[in-house]
Amino acid sequence: MHVLRHAPHGTIYSYEGVEMILIMATYEQDISVVFIGDGVYALKKGQDTSAIGTKGFAKTFKAFDGYDVEKLYVDQLSLEERGLREDDLVVDIEVVSSGKIGELMHEQDVIIHH
Amino acid sequence: MNIGILVKEGPYNHQASDTAYMFAVAAIKRGHRVDAVFLYNDGVLNVTKLMDPPQDDRHISSRWAQFSLKHNTRIYACVVASKRRGISDDIVIEGADITGLGTFTEIATRNDRLLTFG
């Protein structure tokens, strides 16, 4: 399981996290991705990074299913705290409670946070 | 217990590398085995030979080199993260290799625990 917890721009954590997810997916791992805290902003529609000179990667999430990365979860509370709703997000994603994320984490062999 | 270590922050700027090092030493002292250390994000900067801190400070890359030699633990830096930051084969310490995330996938899955620092 990969956990994205930082805002998409400002630091490279989420960007390099996504790079790692895509590469690990080619090694036939059972991958899930969880967005918590400011990590949920990575999913927001309508991002435009042209003025800050960095590569936007929101569209990459749409390509995840092509890599068999299909277990995507977003923390409901993190969305609510930031005034975001499911239809603000670039992909269809399962909105789950923090408790459910805890349960999912408990089932994992490996958790990598970004 | 077999342990893999992931370091995601660079030297000096962040405590992660120091904590990872101290953890690794303590784990081995307790009889555990540190299988490998993998460096990602700014973590790849921990193995450059070019760092030259003041003499009264710890030398973080030399310390990792000595650790690797003493415990026969390889240190791997992600190639994509390394290229981005100017880390190449000719400037990395003894005991470190630049490698792909396939290596990391193996480290993460073959050990009893993966511990992330940073």
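As a starting point, this report considers the structure included with it. Treat the numbers as computed from the prediction; the structure is a model and nothing was measured.

This next bit is on the overall build of chain A. Of the regular secondary structure elements, chain A holds four helices and five strands. Across chain A, helices and strands are ordered from the amino to the carboxyl terminus as β-α-β-α-β-α-β-α-β. Since a compact globule built from 114 residues should have a radius of gyration of about 13 Å, the 13 Å found for chain A is in line with a globular shape. C-alpha extents for chain A along the principal axes are approximately 40 × 30 × 20 Å. Here chain A holds 114 residues, and the buried ones make up 33% of them.

A word on the nonpolar core. Among the nonpolar cores identified, the biggest contains 61 residues, and Ile5(B), Phe38(B), Leu39(B), Val47(B) and Ala77(B) are the most heavily contacted of them. In this view, Leu39(B) contacts Val7(B), Val44(B), Asn46(B), Val47(B), Ile75(B), Tyr76(B), Ala77(B) and Cys78(B); residues no more than four positions away in its chain are not counted.

We now examine the interface of chain B and chain A. Across the boundary between the two partners, chain B contributes eleven residues, which contact 13 residues of chain A. Listing elements by their share of the side of chain B that touches chain A, those giving two or more residues are α3 (79-84), α4 (101-110) and β5 (113-117) of chain B. If you tally residues by element for the side of chain B that touches chain A, the top one is α4(B), at five residues. When its residues are assigned to classes, the side of chain B that touches chain A shows six nonpolar, five polar and no charged.

Residue and element names in this part refer to chain A. Read across the sheet, five strands follow the order β4-β3-β2-β1-β5 without closing on themselves; strand pairing throughout is parallel. On the outer flanks of this sheet lie β4 (94-96) and β5 (112-113), each paired with one strand and no other. Where strand β1 (residues 2-4) and strand β2 (residues 32-35) come together, three bridges link them in parallel fashion. The partner of Leu 4 across the bridge, within β2, is Phe 35. Across the sheet, helix α4 (residues 98-107) lies against β2, β3 (71-75) and β4, angled at about 140 degrees from β3, the strand it touches most.

Definitions and cut-offs
- Residues numbered from 1 in each chain as written.
- Chains lettered and ligands numbered in written order.
- Predicted model: local features only at pLDDT ≥ 70, side-chain atom pairs only at ≥ 80, totals over all residues.
- Helix = DSSP H or I, 4+ residues; strand = E, 2+ residues; numbered from the N terminus.
- Rg over C-alpha atoms; globule rule 2.2 N^0.38 Å.
- Buried ≥ 20, exposed ≤ 12 C-beta atoms within 10 Å, placed from the backbone.
- Core = buried A, V, L, I, M, F, W, Y, C linked by C-beta atoms within 7 Å.
- Contact = placed C-beta atoms within 7 Å.
- Nonpolar A, V, L, I, M, F, W, Y, C, P; charged D, E, K, R; others polar.
- Pairing = 2+ DSSP bridges.
- Axes fitted to C-alpha atoms, helices over the stretch in contact; angles between N-to-C directions.

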